[in-house]
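Single-letter residue listing:
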Amino acid sequence: YRRRDTPLARDGLQALSNTMAGIYFIPFKTGISLQFSFSGQSIPNRVDVKKEKGVKIYFDPVETAARVELNKPVVKQVYHDAENPATGPLAVFKP
């Protein structure tokens, strides 16, 4: 980014310097999390705030795996060969 010296690169450097990523395991849930759990999130959503403050990225692999299992029946309804080893989305695109 530094070599590019463009407005986009300068904004990117500022955002990257303030960006934080993490992988989390939530051992217990309370409140609304009992109804709906995030599998991942990138915050904030406002572009001006992202540019100034950076991005915080959260990822919960346990919740993501649970959602994959929940969605497999739906994928099987949409794709007649969903589990085909050569072309099926459930076989080709492993989470």
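In what follows, the accompanying structure is described.

1. Some words on the side chain of D60
Inspection of the secondary structure assignment puts D60 in the loop between β3 (56-59) and α3 (61-78). From its side chain, D60 meets the backbone nitrogen of E63 in a polar contact 3.3 Å long.

2. A few points about the environment of I23
Among the structural elements, I23 can be located in strand β1 (residues 20-23). Given a relative accessible area of 66%, I23 falls into the exposed group. When near neighbours in sequence (up to four residues on either side) are disregarded, I23 contacts F59 and P61.

3. Some thoughts on α3
Compared with the 26 Å implied by 1.5 Å per residue over 18 residues, the 25 Å span of α3 between its first and last C-alpha is a close match. At N71, α3 is deflected by roughly 35°, the largest bend along its length, and proline P73 occurs up to four residues later in sequence. Looking at where α3 begins, the residue whose side-chain oxygen comes 3.1 Å from the main-chain nitrogen of V62 is D60.

4. Some words on the pattern of salt bridges
One pass over the structure, following the stated rule, counts four salt bridges. With a shortest N-O distance of 3.4 Å, R46 and D48 are connected by a salt bridge. Of the residues examined, R46 reaches a relative accessible area of 53% and is grouped as exposed. Across the salt bridge formed by K72 and E69, the nearest N and O atoms sit 3.2 Å from each other. Linking K72 with E69, this pair stays in helix α3, spanning three residues, or about one helical turn. Since its relative accessible area comes to 27%, K72 is described here as partly exposed.

5. Description of helix α1 (residues 7-17)
Where α1 is concerned, the buried positions are A9, G12 and A15. The buried residues of α1 occupy one face: seen down the axis, they fall within an arc of 125°. Projecting away from the buried face of α1 at angles above 90 degrees are the exposed residues P7 and S17. In this fold, the buried residues of α1 make contact with α2 (47-53).

Rules of the game
Residues numbered from 1 in each chain as written. Predicted model: local features only at pLDDT ≥ 70, side-chain atom pairs only at ≥ 80, totals over all residues. Heavy atoms only, no water. Helix = DSSP H or I, 4+ residues; strand = E, 2+ residues; numbered from the N terminus. Polar contact = N/O pair within 3.5 Å; in protein donor to acceptor, adjacent residues only side chain to side chain. Buried < 20%, exposed > 50% of the residue type's maximum accessible area, 1.4 Å probe, protein only. Contact = heavy atoms within 4.5 Å. Expected span 1.5 Å × (residues − 1). Bend = angle between axes of the 7 residues up to and from the residue. Salt bridge = Lys/Arg side-chain N within 4 Å of Asp/Glu carboxyl O. Arc of directions from axis to C-beta.

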